[in-house]
Number of protein chains: 2
Amino acid sequence: MPARQGSILIENLQPQIDCGRYPVKRAAGETVRVTADVLKEGHDELAVVLRWRQLTPKAAEAREATMRPSGNDAWEGEFPLFENGLYAFEVEAWPDAFRTWAQELSRKIEARRDLSSELLEGAQLLRAAAERAAAAGPAGAFDAERLREGEKALLAGQSQATLSRALDPRLAETASRYPDKSLATRSGRELRVFAERKRAIFSSWYELFPRSTAREPGRHGTFSDAERMLPYVRELGFDVVYLPPIHPIGKTARKGKNNALTAAPDDVGSPWAIGSPEGGHKAVHPQLGTLADFRRFVKSAAELGIEVALDVAFQCSPDHPYVKERPDWFQRRPDGTIKTAENPPKRYEDIVNFDWMGPERESLWAELRSVFLHWIEQGVRIFRVDNPHTKPLPFWEWVIGEVKARHPDAIFLAEAFTRPKMMKALAKAGFDQSYTYFTWRNFKHEMEDYLKELTQGPAAEFMLGNLWPNTPDILPEHLQQGGRPAFLLRSALAATLSPSWGIYSGFELCENRALPGKEEYLDSEKYQLVQRDSDKPGNIRAWIAALNRIRNDHPALQQYRNLRFHKADNDRVIFFSKMTEDRSSQILAAVSLDPFAAHEAILELPLFEMGLQPDETYQVHELLSDERALWQGPTAQVRLTQEKPAAIWSVLRFRRTEQGFDYYF
Amino acid sequence: MPARQGSILIENLQPQIDCGRYPVKRAAGETVRVTADVLKEGHDELAVVLRWRQLTPKAAEAREATMRPSGNDAWEGEFPLFENGLYAFEVEAWPDAFRTWAQELSRKIEARRDLSSELLEGAQLLRAAAERAAAAGPAGAFDAERLREGEKALLAGQSQATLSRALDPRLAETASRYPDKSLATRSGRELRVFAERKRAIFSSWYELFPRSTAREPGRHGTFSDAERMLPYVRELGFDVVYLPPIHPIGKTARKGKNNALTAAPDDVGSPWAIGSPEGGHKAVHPQLGTLADFRRFVKSAAELGIEVALDVAFQCSPDHPYVKERPDWFQRRPDGTIKTAENPPKRYEDIVNFDWMGPERESLWAELRSVFLHWIEQGVRIFRVDNPHTKPLPFWEWVIGEVKARHPDAIFLAEAFTRPKMMKALAKAGFDQSYTYFTWRNFKHEMEDYLKELTQGPAAEFMLGNLWPNTPDILPEHLQQGGRPAFLLRSALAATLSPSWGIYSGFELCENRALPGKEEYLDSEKYQLVQRDSDKPGNIRAWIAALNRIRNDHPALQQYRNLRFHKADNDRVIFFSKMTEDRSSQILAAVSLDPFAAHEAILELPLFEMGLQPDETYQVHELLSDERALWQGPTAQVRLTQEKPAAIWSVLRFRRTEQGFDYYF
């Protein structure tokens, strides 16, 4: 027989992921709307409360918020996410005995019954509530007195006065504050919500290799050189500068230019082949400078409002100090050789793998945790994690949990260019942002389907897609073929479809020389220094800067789940809106998907969602051209060209009427 | 740090309800298809197994079935439900080290590498597998030998012969049988499936009051009289005869005819006012006969293939022996009076309520369990439970679990005419069948929506709707207004839309005299004896019998979740199909929803689902008229009249061609 308990059933508690296995994610400052179905046999009045508490960075006492019935046995309530960190919530419900009694009494009065027995019952309920109020200490003393008075009134016998007193809502209100919770039910396992800081949701990334920032051709750049790039990054409007690994690079099996199996003596190697006698994951490549130089770089960036994101690639060059110091952390063959990384027939001879789940796992994981904490000490809070899908999910869940418990402002971007369920599993395990397949979605139907899945589907509760038109590893066919117009339209899409986007440097210069037949850069910066002319003719710096400025000016573009697609009568034109919940910021965007031709389209405007009357006239401000127009009615026409393949309108209203005129009345 | 474990993630395990809180329901004899997403970092070959075991009526050892990958990290497998009872299942997965090795080896061979180190590794894996095989006792000895031979072969050095041996699938197969499970992951909490016996899904109910079965007007019927009704029930084609409560009826506050507050001396009272000095829930009303008479009734029914369903109404007349013997089982007011049942302003003065969650709850619940067990001893296995939504859900979950652990063949029908979520919660708590809102769904759109929700929605995993056009409590407006054609069409709908349906006696005689302005019977049998002329002109006995015969002949009508609606171009005509999975039984049905006029409609046939080519000719057999026709193409026309408002076609095929002719070849 089940233990004595309440008979209330609380089910379908939302939001939750996988039965509460993982926290959902929200933005700090937001309110979490919680819903649940609450059922009990019979006709009792129920009291339902939401209990919530902050878990990290500091544990707080649980607080309660009353939930409201919303029909069909559903209840809803809210709690605020004051600040960045982890929260927990649950729902508790109990029968409200005095309210139930009062409810029934009022219906019995209509039926003109003798109610003396009922009044005794009500008095008994009030006496019990008074006792609980008195037990609540000084705070309850006043209420206890009122409840005792109520009890006495009910014992005075059936009369109009008695019944009025019995049904006084203030009396029920007071009694409800001291409930009998012996039949209360809780929803069970607490559910969790992680409140992200703003930049985890709204971020604009610029990836650069510090070693390529020297002014003089052929010289290895330093952090000091890279510092001089920061105003350039700022001018482009980015607020995160992301650096590939900055650690010493191994010499054993170092790769040459264009991933050649053997390196020339002056080849710089791949920064992802981490570790040399000069140090490992906590060290700085001597040619870049010192740890102090790096800290100065971080500080200079901060002064410009830019955060530094570091690449974390948990793999080692054969020359990494770990290999000698902790041979037990690596996978070995029976002949004693360390296994190099491979995905046959591909082989990464310059990289060896950790034995993630091996016998020395505890010390290994602890050491890797210390890598994050080390860089946090240097002022870094954003980590772009390399190939997380080749490392165990339990490791990520553990290490991100450990770091965030101390530093909830740490942000983890998963380079999860992998199978869809693994991409989502990594997000559930704790990554704040994820790379996506946006990079390969070029046509209208596939783009709409995919972005709907990302922003409206179940995964939107825990995964935020950071959209990248290119990376050092990926030069998509679209950019290779489409040239400058493709760079314009792909950046317009990335910058507006998601609040987080990024480019790898050179994108703004429309660099698109590829290895033949591949989606990889020719003369890739992964293996050599690259010299760039940032004033190269045809560059799209102004366009990128405009996109980032528009994003900064319009809160609607700083949210993720508010993306809605609308109809455009041309399959080469995609049309969508983003609005804040209060509609104070409304953006419409039309982007051509065709880099090879100009296109026109009739757009079907979401007037209802915009809160506009069918015949209302409103103003639109096209932000890329700074042109204004008055629109009316359910459609608008747009022409997009190869030079300007996107239109981004801010919608403004005429809210004033003659009645607002000072002298009207 | 999490305990050492495998890094495989098993998620989205299906079927499950509410995170495994409740068992899903299936039919005994069926196969359960289980799916799960199984993810691991990297590129390992995985072994995934479904582990399942029977829990009741007898606990059995767990068995394993291999699961197959079905793409996108999803896996699927099956297990059989041999017999009626409760089963549990879980999924276990581990990396298959030797297969992974062999997979990589084959790709490395293509890349023409030196593989000596790899071969040592493979040999080591085989040695470990051989040790596990040897440890498995005599059964593994032969395999151990083969694995050791494999090991030796691999140690012979790189050669074509060695590599062929290494990649021999039989070697991998043998090694896989002795896996290293140290990195295995289980899905966690076992999920449960309850296998229903066939009648819990496919049942045709006839409700009759035994006291109304006397031949002589005015005499109180007995079980012997009721026995004479059984051939009539059989002739109508029903296989469950359901009796309202058969217990002694209280005299205190007994209701008179038409629910009058005071009864005349010869009024028989409501059978739901259970209990008198002559006994309570385990006793038989003396005017109906003895317990032995009841047992004979059950036996006579069984001889005709009919099961007896008893009404279980857990409430007491004030005269019930429990009230004196166990006053602590009842809710009392402070003045000592027992609370009568009420839903103000309605009051059921002839009924008192148990104190379900009170201090004496354990003894009360145990006693009520013994009521079920008592009637099971008398040969009853089907219980129709009165107003279950006014009793606690935890009670139902407990008592049904207790009864079914001993008697999985017990069937519980919930008279859950209540809010939708409570109806579903009762089904989750263990009720096999539920009354539904079918009784109030009369028009095409609402009928399609509701039946789709019932048979295709999430609730179909645990709730089976038993469709009743009428009950002693409910004479729907549709039947009152629509007369005989309404009775014809409502029974055709109920009998075909669900494998379980029922009528309350008098339906086949088209009885429809109502209390003015209400959906209740005038001179309701709940409060008085009723005399019927089963040969009443206009009766629809032949129609009902035909419906039940058709149901018995066609397995497609004996399943629940196979209902599919199709287009008919007339809003008064509903058109649907039911098929068995192997398509050996295919039913199409068109039913008029209008009792007032004849209707024609063009039906859009689901040729693809029926497995028919667009140009194929096939035979349909209209089962109510026994007429046959040849159809071809995607549409057919039907005419439905007030006399015959339904058409039910069995679809037959011409499968023979000239090539089947004996001498063709």
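Rules and cut-offs
- Residues numbered from 1 in each chain as written.
- Chains lettered and ligands numbered in written order.
- Predicted model: local features only at pLDDT ≥ 70, side-chain atom pairs only at ≥ 80, totals over all residues.
- Heavy atoms only, no water.
- Least-squares fit on C-alpha atoms with pLDDT ≥ 70 in both.
- Contact = heavy atoms within 4.5 Å.
- Salt bridge = Lys/Arg side-chain N within 4 Å of Asp/Glu carboxyl O.
- Polar contact = N/O pair within 3.5 Å; in protein donor to acceptor, adjacent residues only side chain to side chain.
- Axes fitted to C-alpha atoms, helices over the stretch in contact; angles between N-to-C directions.
- Helix = DSSP H or I, 4+ residues; strand = E, 2+ residues; numbered from the N terminus.
- Parallel < 35°, antiparallel > 145°, perpendicular 65-115°, else oblique.
- Left-handed = near helix turned anticlockwise from the far one by under 90°.
- Nonpolar A, V, L, I, M, F, W, Y, C, P; charged D, E, K, R; others polar.
- Disulfide = S-S within 2.5 Å.
- Domains from an automatic or database assignment.
- Buried area = accessible area lost by both parts, 1.4 Å probe.
- Buried < 20%, exposed > 50% of the residue type's maximum accessible area, 1.4 Å probe, protein only.
- Pairing = 2+ DSSP bridges.
- Phe/Tyr/Trp six-rings, centres within 6.5 Å; stacked < 30°, edge-to-face > 60°.
- Lys NZ or Arg CZ within 6 Å of the ring centre and 35° of its normal.
- pLDDT = per-residue confidence, 0-100.

Undergrad: Help me understand the relation of the copies chain A and chain B in this model?
TA: Both copies of the chain are related through a single rotation about an axis accompanied by a shift along the same axis. After a rotation of 180° and a shift along the axis of 0.0 Å, chain A superposes on chain B with an RMSD of 0.1 Å. Expressed as a symmetry operation, the mapping of one chain copy onto the other fits a two-fold axis. Minimal C-alpha distance to the rotation axis in chain A is attained by C19(A), lying at 3.0 Å. In this assembly the copies share their binding face: 100% of the residues contributing to the interface of chain A also contribute to that of chain B.

Undergrad: What exactly am I supposed to notice about the interface of chain A and chain B here?
TA: By a frequent convention, interface size equals the accessible area lost on bringing the separate parts together. On the chain B side, the residues contacting the 63 residues of chain A number 63 residues. Applying the counting rule to chain A against chain B returns 12 salt bridges. Residue K421(A) is joined to D37(B) by a salt bridge in which the shortest nitrogen-to-oxygen separation is 2.8 Å. Along the contact surface separating chain A from chain B lie 19 residue pairs in polar contact (both at pLDDT 80 or more).

Undergrad: Which parts of the structure should I look at to understand the packing of helix α11 (residues 393-406) of chain B against helix α12 (residues 420-429) of chain B?
TA: Between two packed helices, the angle of one axis relative to the other and the distance separating the axes together describe the packing. All names here are of chain B. One can describe the packing of α11 onto α12 by two numbers: an axis separation of 8 Å at closest approach and a directional angle of 30°. With respect to each other, α11 and α12 are oriented roughly parallel. The two elements α11 and α12 cross, and the hand of that crossing is right-handed. Touching L393, W396 and E397 of α11 are M422, A425, L426 and A429, all from α12. Residue composition of the contact of α11 with α12, grouped by class: 6 nonpolar, no polar and 1 charged.

Undergrad: In this structure, what is going on with the state of the cysteines? I would like to understand it.
TA: Here, the word disulfide means a covalent bond between the sulfur atoms of two cysteines. Evaluation of the coordinates by the stated rule reveals 1 disulfide over all chains. There is a disulfide in this structure between C19(A) and C19(B), and the S-S distance comes to 2.1 Å. Between C19(A) and C19(B), the S-S dihedral sits near -100°, and the bridge is therefore left-handed. A residue pair is termed interchain when its members come from two chains, as with C19(A) in the loop between β1 (9-14) and β2 (24-27) and C19(B) in the loop between β1 (9-14) and β2 (24-27).

Undergrad: Could you clarify how one ought to interpret the domain arrangement of chain A in this entry?
TA: Residue and element names in this part refer to chain A. The domain architecture assigned to chain A consists of domain 1 (9-195), domain 2 (207-553) and domain 3 (563-664). When each unit is reduced to the centre of its C-alpha atoms, the spacing between domain 1 and domain 2 is 51 Å. Of the roughly 1,100 Å² buried between domain 1 and domain 2 on both sides combined, carbon and sulfur atoms contribute 51%. Summed over the three residues of domain 1 that lose the most area to domain 2, namely Y22, K25 and F194, the buried surface amounts to 45% of that side. At the junction of domain 1 and domain 2, the tally comes to 3 salt bridges. Among the ionic pairs, E461 bridges to R26, the shortest N-O distance being 2.7 Å. One can count 9 residue pairs in polar contact (both at pLDDT 80 or more) joining domain 1 with domain 2.

Undergrad: When you look at the side chain of D267(B) in this model, what are you seeing that I'm missing?
TA: All names here are of chain B. The residue D267 is located in the loop between β12 (240-243) and α8 (291-303) in this model. Polar contacts involving the side chain of D267 include one to the main-chain amide nitrogen of A264, which spans 2.9 Å. For D267, the residues in contact, after removing those within four places along its chain, are R254, K255, G256 and K257.

Undergrad: I'm lost on helix α5 (residues 169-176) of chain A in this one. Help?
TA: It helps to recall that an α-helix has 3.6 residues per turn; residues three or four apart then point in one direction. All names here are of chain A. Of the residues making up α5, those classed as buried are L171, A172, T174, A175 and S176. Taken together, the buried residues of α5 touch α1 (97-110), α2 (116-135), α3 (138-155) and α4 (160-166). Of the residues flanking the start of α5, the one acting as N-cap is D168, its side-chain oxygen 2.9 Å from the backbone nitrogen of R170.

Undergrad: Looking at this structure, how should I read unusual backbone geometry?
TA: Outside of glycine, negative phi angles account for most residues, and trans bonds account for most peptide bonds. All names here are of chain A. Cis geometry marks the peptide bond from Q14 to P15; its omega dihedral reads 0°. Mapped onto the elements, P15 comes out in the loop between β1 and β2. Here the amide bond leading from T56 into P57 is cis, since omega sits at 5°, within 30 degrees of zero. Within the secondary structure, P57 sits in the loop between β4 (46-56) and β5 (63-66). Not every positive phi belongs to a glycine, and N12 is a case in point at roughly 55°. Examined against the element boundaries, N12 turns out to sit in strand β1. Since its relative accessible area comes to 44%, N12 is described here as partly exposed.

Undergrad: How should I be thinking about the pattern of salt bridges in this particular structure?
TA: When the charged atoms of two side chains with opposite charge come close together, those side chains can pair. Residues and elements named next belong to chain B. By the definition in use, this model includes 130 salt bridges over all chains. The residue E196 makes a salt bridge to K404 at a minimum N-O spacing of 4.0 Å. Highlighted residues: E196 in strand β10 (residues 191-196) and K404 in helix α11, separated in sequence by 208 residues. Across the pair E461 and R561 runs a salt bridge whose closest N-O atoms are separated by 3.5 Å.

Undergrad: When you look at helix α12 (residues 420-429) of chain A in this model, what are you seeing that I'm missing?
TA: All names here are of chain A. The element α12 is largely enclosed, with a buried count of 8 among its 10 residues. Listing the buried residues of α12 in full gives K421, M422, M423, A425, L426, A427, K428 and A429. Downstream of α12 by one or two residues, G430 has phi in the positive range, about 140°.

Undergrad: Please clarify how the sheet that holds strand β13 (residues 307-312) of chain A should be interpreted in this entry.
TA: Within a sheet, adjacent strands bond to each other through the backbone by hydrogen bonds, running parallel or antiparallel. Residue and element names in this part refer to chain A. Strand order in the open sheet formed by 7 strands is β18-β17-β16-β13-β12-β11-β19, with parallel pairing between adjacent strands. Strand pairing shows two members of the sheet lacking a second neighbour, β18 (433-434) and β19 (500-504), which therefore form its edges. Taken together, the 5 bridges between strand β11 (residues 203-207) and β19 define a ladder with parallel strand orientation. Within β19, the position partnered with Y206 by the bridge is I503. Strands β11 and β19 of the sheet are contacted by helix α15 (residues 541-553), whose axis makes an angle of about 160° with β19.

Undergrad: I'm lost on the packing of α1(A) against α2(A) in this one. Help?
TA: All names here are of chain A. Two elements in contact, α1 and α2, have axes separated by 10 Å at closest approach and are oriented at 160°. By the angle class used here, α1 and α2 are roughly antiparallel. For the element pair α1 and α2, the recorded crossing hand is left-handed. In contact with A97, F98, W101, L105 and K108 of α1, α2 contributes E118, L119, E121, G122, L125 and L126.

Undergrad: Before we go on, may I ask you to explain the packing of aromatic side chains in this structure?
TA: To describe a pair of aromatic rings, one takes the distance between the centres and the angle between the planes. Applying the stated criterion across every chain yields a total of 84 aromatic pairs over all chains. Across the ring face of W272(A), the terminal group of K526(A) is positioned such that the distance to the ring centre comes to 5.9 Å. Sitting above the plane of the W365(B) ring, R361(B) keeps its charged end 4.4 Å from the centroid.

Undergrad: What's the story with the confidence of the model for chain A in this structure? I'm lost.
TA: Residues shown with low pLDDT carry predicted positions that ought not to be read at fine detail. For chain A, mean pLDDT is 95; residues scoring 70 or higher make up 98% of the total. The ipTM, which scores confidence in the relative placement of chains, is 0.92 for this predicted complex, and the corresponding pTM is 0.93.

Undergrad: What is the right way to look at the environment of N562(B) in this model?
TA: All names here are of chain B. With respect to the helices and strands, the residue N562 is situated in the loop between α15 (541-553) and β20 (563-566). With relative accessibility at 11%, the residue N562 sits in the buried group. Separated by 23 residues in the primary sequence, N562 and N539 place their C-alpha atoms 31 Å from one another. The contacts of N562, once residues within four sequence positions are left out, are A556, S577, K578, M579 and T580. Here the side chain of N562 touches K578 through a polar contact of 3.5 Å, side chain to side chain.

Undergrad: Looking at this structure, I do not really get the pairing of β4(A). What am I missing?
TA: For a regular strand, side-chain orientation follows a simple rule: the groups alternate between the two sheet faces. Residue and element names in this part refer to chain A. Counting buried positions along β4 gives 9 out of 11 residues, so the element sits mostly inside the fold. Here β4 pairs with strand β8 (residues 85-95) via 10 bridges, running antiparallel. Within β8, the position partnered with T56 by the bridge is L86. What sits between β4 and β5 in their antiparallel hairpin is a turn of 6 residues.

Undergrad: Help me out: how do you make sense of the environment of G289(A) in this one?
TA: Secondary-structure assignment places G289(A) in the loop between β12 (240-243) and α8 (291-303). Counting along the chain gives 66 residues from G289(A) to F223(A), while the straight-line C-alpha distance between them is 6.2 Å.

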